[in-house]
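Fold and contact review
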Amino acid sequence: MPETITIEVWRYRPEQDSEPAWDSYEVPLRKEWAVLDGLNHIKDQLDGTLSYRWSCRMGICGSCGMTVNGEPKLSCSTFLTDYAPGPVRVEPMRNFPVIRDLVVEMGDFMAKLPTVKPWLVSGDDEPDEDAEYLQTPVEMDDYKRYSMCINCMLCYSACPVYALDPEFIGPAAIALAQRYNLDSRDAGAEDRRDVLASAEGVWACTFVGECSVACPKDVDPAGAIQRYKLTAATKAVKDLLLPRGAR
Amino acid sequence: MTTKRSPEPFAWLLFSAGGMVAALLVPVLLLLFGIAFPLGLLSAPDHAYLASVVSHPITLLVLFGLCVLALLHWAHRFRYTLYDGLQLKKYGVPITICCYGGAIVGSVVAAVVLLRAL
């Protein structure tokens with residue numbers, strides 16, 4: 001194993017650069033170092049001007065999404081040795097405006113997320129604050145996979161539909177809506193339907209499936225979207241055929 | 001962001017049905033009539049027998065259903081190929097008319113061909 005590896009970083013400093021450019025850095029190649037450790041080494045030892053987001057270093061916070069050698073990855077769980085002898089190219093996540101270096105603007109996702117009400121909606125008008133809302137393990141299995149989302153937005157970075165149509169509500173928001181729709185304690189499915197079943201909701205998805213490939217938490221947003229398409233289509237047929245009371 | 005209900009679920013249901021029906025039936029038909037019979041791997045049924053099978057109302061209905069749903073599957077897929085693959089979404093209305101119109105024309109042709117077998 002070579003002792004060092006070259007990391008090529010996509011740089012953009014709006015106050016001094018008119019165009020983005022690549023900077024190369026030589027960093028130690030260690031078995032336990034992820035791309036994020038390489039970037040931290042650059043920031044601490046080589047070039048303190050490098051900007052990027054990170055926090056937990058263990059695939060939970062969802063802050064350190066980047067494009068590593070062309071693929072959307074969490075830089076904390078993508079290891080440098082897998083790219084030896086290098087170079088490793090690190091770019092900001094695709095499909096988002098870049099603020100600086102590897103930092104992207106995430107306002108679009110933050111604005112879309114609450115539109116699908118990703119929280120438990122109570123069916124009771126006056127919920128009993130002391131009541132327990134029990135759930136069996138089987139009921140939890142219905143939504144557990146979708147609850148693993150860490151909002152890292154790698155699925156948006158991977159999605160070719162979002163690249164073409166920024167109005168698309170997107171994979172993570174729909175998967176999170178399904179996380180609550182499929183929860184036995186939730187009564188908000190009808191509230192979420194207007195957004196999910198719109199042209200910019202599930203129907204914008206053409207099932208490319210790259211979101212599920214990119215997802216570092218195995219959430220399978222593409223599967224969530226396909227499941228909701230069937231739910232929405234069934235409801236649309238019922239709306240068309242059945243009188244209001246029988247739906 | 002619009003929250004208007006979209007007519008898309010109906011197009012998608014027909015697309016899904018067409019994909020499934022075509023995936024189940026077309027490979028079998030191609031294997032039999034495109035490979036097995038021409039190569040003599042299976043003895044081909046004679047013309048009179050095939051004609052009587054095809055002219056049965058249930059066969060007609062199945063073949064017609066296969067043609068219509070497969071064409072609607074094509075229309076939906078080709079529409080999105082034009083939208084996203086060639087990035088022509090701004091011509092959405094004429095593309096939709098051409099794709100689903102084409103599927104309807106194809107269905108009429110299929111009906112005419114099948115009814116002539118009667």
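Residues numbered from 1 in each chain as written. Chains lettered and ligands numbered in written order. Predicted model: local features only at pLDDT ≥ 70, side-chain atom pairs only at ≥ 80, totals over all residues. Heavy atoms only, no water.

**Notes on the pairing of strand 4 (residues 71–74) of chain A**
All names here are of chain A. With burial as the criterion, only one face of strand 4 is covered, namely that bearing Pro72 and Leu74; the residues Glu71 and Lys73 on the opposite face remain uncovered. Pairing of strand 3 (residues 65–68) with strand 4, which is carried by four bridges, proceeds in the antiparallel orientation. The residue of strand 4 that forms the bridge with Met66 is Lys73. Remark: two residues form the turn of the hairpin made by strand 3 and strand 4, two consecutive strands paired antiparallel; Asn69 in that turn has positive phi of roughly 45°. (Buried < 20%, exposed > 50% of the residue type's maximum accessible area, 1.4 Å probe, protein only. Helix = DSSP H or I, 4+ residues; strand = E, 2+ residues; numbered from the N terminus. Pairing = 2+ DSSP bridges.)

**Some words on the packing of helix 6 (residues 171–181) of chain A against helix 7 (residues 189–196) of chain A**
Axis angle and axis distance: for two packed helices, these are the angle between their axes and the distance between the axes, and together they describe the pair. Residues and elements named next belong to chain A. Taken N-terminus to C-terminus, the directions of helix 6 and helix 7 make an angle of 160°; their axes are 10 Å apart at the nearest point. Judged by the inter-axis angle, helix 6 sits roughly antiparallel to helix 7. In the packing of helix 6 onto helix 7, the handedness of the crossing is left-handed. Judged by residue contacts, Ile174, Ala177, Tyr180 and Asn181 of helix 6 engage Ala189, Arg192 and Leu196 from helix 7. Each residue belonging to the contact of helix 6 with helix 7 can be placed in one class, and the counts come to five nonpolar, one polar and one charged. (Axes fitted to C-alpha atoms, helices over the stretch in contact; angles between N-to-C directions. Parallel < 35°, antiparallel > 145°, perpendicular 65-115°, else oblique. Left-handed = near helix turned anticlockwise from the far one by under 90°. Contact = heavy atoms within 4.5 Å. Nonpolar A, V, L, I, M, F, W, Y, C, P; charged D, E, K, R; others polar.)

**Observations concerning the interface of chain A and chain B**
Accessible area lost when the parts come together is the quantity often used to give the size of an interface. Tallying the contact residues gives 25 residues for chain A and 15 residues for chain B. Where chain A abuts chain B, roughly 1,700 Å² becomes buried across the two surfaces, and 67% of that area is made up of carbon and sulfur atoms. On the chain A side of the contact with chain B, A:Leu164, A:Asp194 and A:Trp203 bury the most area, a combined 31% of that side's loss. Here chain A is connected to chain B by one salt bridge. In this structure, A:Asp165 and B:Lys89 form a salt bridge, with 3.8 Å as the shortest nitrogen-oxygen distance. On the surface where chain A and chain B come into contact, there are zero residue pairs in polar contact (both at pLDDT 80 or more). Every element with two or more residues in the side of chain A that touches chain B is listed here: helix 5 (160–164), helix 7 and helix 9 (221–241) of chain A. The element that contributes the greatest number of residues to the side of chain A that touches chain B is helix 9 of chain A, accounting for eight residues. Each residue belonging to the side of chain A that touches chain B can be placed in one class, and the counts come to 12 nonpolar, four polar and nine charged. (Buried area = accessible area lost by both parts, 1.4 Å probe. Salt bridge = Lys/Arg side-chain N within 4 Å of Asp/Glu carboxyl O. Polar contact = N/O pair within 3.5 Å; in protein donor to acceptor, adjacent residues only side chain to side chain.)

**Here we look at the nonpolar core**
Core analysis: the biggest nonpolar cluster contains 68 residues, and A:Leu39, A:Leu80, A:Tyr156 and A:Phe168 have the highest contact counts within it. Both of domain 1 (4–104) and domain 2 (107–246) of chain A provide at least three residues apiece to this core. Beyond its immediate sequence surroundings of up to four residues, A:Leu80 is in contact with A:Ile5, A:Ile7, A:Val27, A:Pro28, A:Leu29, A:Trp33, A:Ala34, A:Val35, A:Gly38 and A:Val88. In this structure, B:Ala11, B:Ala75, B:Leu82 and B:Tyr83 belong to the second largest nonpolar core, which totals 11 residues. (Core = buried A, V, L, I, M, F, W, Y, C linked by side-chain atoms within 4.5 Å. Domains from an automatic or database assignment.)

**Observations regarding the domain arrangement of chain A**
Residues and elements named next belong to chain A. Taken as a whole, chain A is organised into domain 1 (4–104) and domain 2 (107–246). Here the C-alpha centre of domain 2 lies 31 Å away from the C-alpha centre of domain 1. With 14 residues of domain 1 in contact, the opposing surface of domain 2 contributes 14 residues. Between domain 1 and domain 2, a total of about 1,000 Å² is buried, with carbon and sulfur atoms accounting for 64% of that surface. Its largest share of buried area at the contact with domain 2, domain 1 owes to Pro72, Asn95 and Phe96, together 48% of the area lost on that side. Taken together, the connections running from domain 1 to domain 2 amount to zero salt bridges. Summed over the shared surface of domain 1 and domain 2, the result is five residue pairs in polar contact (both at pLDDT 80 or more).

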